[in-house]
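The primary structure of each chain is shown beneath.
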Amino acid sequence: MAVKNTLVTSANPLSHPQTAAQISGQRVKKIRSVVSIANGDSIGSIYLLGMVPDSATVIAVTLEGATTSGLTDCDIGLFDAQGNAKLTGTGFADFYADGLNLSSSTGLPTGDFGNPVWRAGSRAESGGVPTQEVWQDAGDAVGPYPAAGSTIKGDKYQIGLTLNAAATAAGTYVATIEYQAVG
C-alpha cells in the first residue's frame, strides 16, 4: 500500500488565546540576591532585590534568613528601573507583600540554606491577575502617547523590600524572585 498525502486548504487555523508569558512553555527564571540589613536601619529603608524585564510574570518572591529583631513590618513591591515606587499602599510599594514580620519564624518552612522562609506571595495573592506582566501590575501604559496621568512602561522593573519598622539588630537574607518572561 502506498503512502497518500492529503492537503486540506479549507481548515481554520488553530487559535490560541494565551500569550507567550502566560502558559506556553516559558521556563521559570530565578534571581537570587543577598540583602544585608544593618542594626539601626530606619523606617523607609529600601533594598532592591532584583530587576526583571517588563514582560515578566512574577510567580513568587521569597526571603530566607534568620529572624531579625525589630523587623515586624516589611513590604515587598514594584519599583521602576530608577528605584521609584510604582504602586503604593501606605506610602510604600507593597504589591507583593504588606506587613511581613521578619522578627518571628513561628511555623515557617525551612529553605535551601536551613533558615526560615517568608513567602512574599504573587500577584494572584495580592489581588492582581496571575498572568499579567509587571508593566501592567505597575499600572503603566504602552506608548507612545499615554493618557493624562499615565506613565509609559519601561523595559525593566525592580522588586524591592521596604522597612516599615526599624531594625534593632543586623540580619542577612537570601531573596529569590521566580518569574516567567517572553524571550
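Residues numbered from 1 in each chain as written. Predicted model: local features only at pLDDT ≥ 70, side-chain atom pairs only at ≥ 80, totals over all residues. Heavy atoms only, no water.

A. Local environment of the overall build of the protein chain. Summing up its helical and strand segments, the protein chain has two helices and eight strands in all. Ordered by position from the N terminus, the helices and strands of the protein chain form the series α-β-β-β-β-β-β-α-β-β. For the protein chain, the proportion of its 183 residues judged to be buried stands at 38%. For the protein chain, the proportion of contacts with a sequence separation of at least 24, taken over those separated by at least 6, is 77%. Accessible surface for the protein chain amounts to roughly 9,900 Å². Of this, 52% is attributable to carbon and sulfur atoms. (Helix = DSSP H or I, 4+ residues; strand = E, 2+ residues; numbered from the N terminus. Buried < 20%, exposed > 50% of the residue type's maximum accessible area, 1.4 Å probe, protein only. Contact = heavy atoms within 4.5 Å. Areas by Shrake-Rupley, 256 points an atom, 1.4 Å probe, with all protein chains shown as cover.)

B. Molecular detail of the packing of aromatic side chains. Inspection of the entire model under this criterion finds two aromatic pairs. Ring geometry for F95 against Y96: centres 5.1 Å apart, planes inclined by 85 degrees, an arrangement best described as edge-to-face. Where W118 meets Y173, the ring centres are 5.8 Å apart and the plane angle is 70 degrees; that geometry is what we call edge-to-face. Of the two residues, W118 sits in strand β6 (residues 117-121) while Y173 sits in strand β8 (residues 171-180), which places them 55 residues apart along the sequence. With respect to class, W118 is no different from Y173; both count as buried. It is K153 that lies over the ring of W135; its NZ or CZ is 5.9 Å from the centre. (Phe/Tyr/Trp six-rings, centres within 6.5 Å; stacked < 30°, edge-to-face > 60°. Lys NZ or Arg CZ within 6 Å of the ring centre and 35° of its normal.)

C. Structural detail: the pattern of salt bridges. Scanning the model with the defined rule gives three salt bridges in all. The salt bridge partner of K153 is D54, with a shortest N-O separation of 2.3 Å. One end of the pair, K153, is in the loop between α2 (134-137) and β7 (156-163); the other, D54, is in the loop between β2 (46-53) and β3 (57-65), with 99 residues separating them in the sequence. A relative accessible area of 15% places D54 in the buried class. (Salt bridge = Lys/Arg side-chain N within 4 Å of Asp/Glu carboxyl O.)

D. Just the confidence of the model for the protein chain, in detail. Looking at the protein chain as a whole, its pLDDT mean stands at 82, while 77% of the residues score no less than 70. In the model of the protein chain, helix α1 (residues 20-23) stands out as the element of lowest mean pLDDT, 50, in contrast to strand β1 (residues 29-37), which has the highest, 96. (pLDDT = per-residue confidence, 0-100.)

E. How the structure looks around the side chain of E64. Looking at the secondary structure, you find E64 in strand β3. A polar side-chain atom of E64 sits 3.1 Å from the main-chain amide nitrogen of D112. There is a polar contact of 3.2 Å between the side chain of E64 and the backbone nitrogen of N115. Once residues within four sequence positions are removed from consideration, E64 is found in contact with G111, D112, F113, G114, N115, P116, V117, T172, Y173 and V174. (Polar contact = N/O pair within 3.5 Å; in protein donor to acceptor, adjacent residues only side chain to side chain.)

F. Inspection of the pairing of strand β4 (residues 74-80) at higher detail. Burial of β4 is extensive: seven of the seven residues sit out of reach of the surface. The pairing of β4 with strand β5 (residues 97-100) spans two bridges and is antiparallel. Note that in β5 the partner of C74 across the bridge is L100. Relative to β7, β4 runs antiparallel, the two being bridged by seven bridges. Note that in β7 the partner of G77 across the bridge is G160. (Pairing = 2+ DSSP bridges.)

G. Up close: the sheet that holds β4. Across the sheet, four strands lie side by side as β2-β7-β4-β5; this open sheet has antiparallel pairing. Both edges of this open sheet fall to β2 and β5, since each of them pairs with a single strand only. Each strand of the sheet is rotated relative to its neighbour by a mean of 25 degrees, with strand direction disregarded. (Axes fitted to C-alpha atoms, helices over the stretch in contact; angles between N-to-C directions.)

H. Representation of the environment of D112 in the model. Inspection of the secondary structure assignment puts D112 in the loop between β5 and β6. Of the residues examined, D112 reaches a relative accessible area of 58% and is grouped as exposed. For the pair D112 and V174, spaced 62 residues apart in sequence, the C-alpha to C-alpha distance is 9.7 Å. Among residues more than four places away in sequence, those in contact with D112 are R32 and E64. Here R32 takes part through its side chain, which lies 2.5 Å from a polar atom of the side chain of D112.

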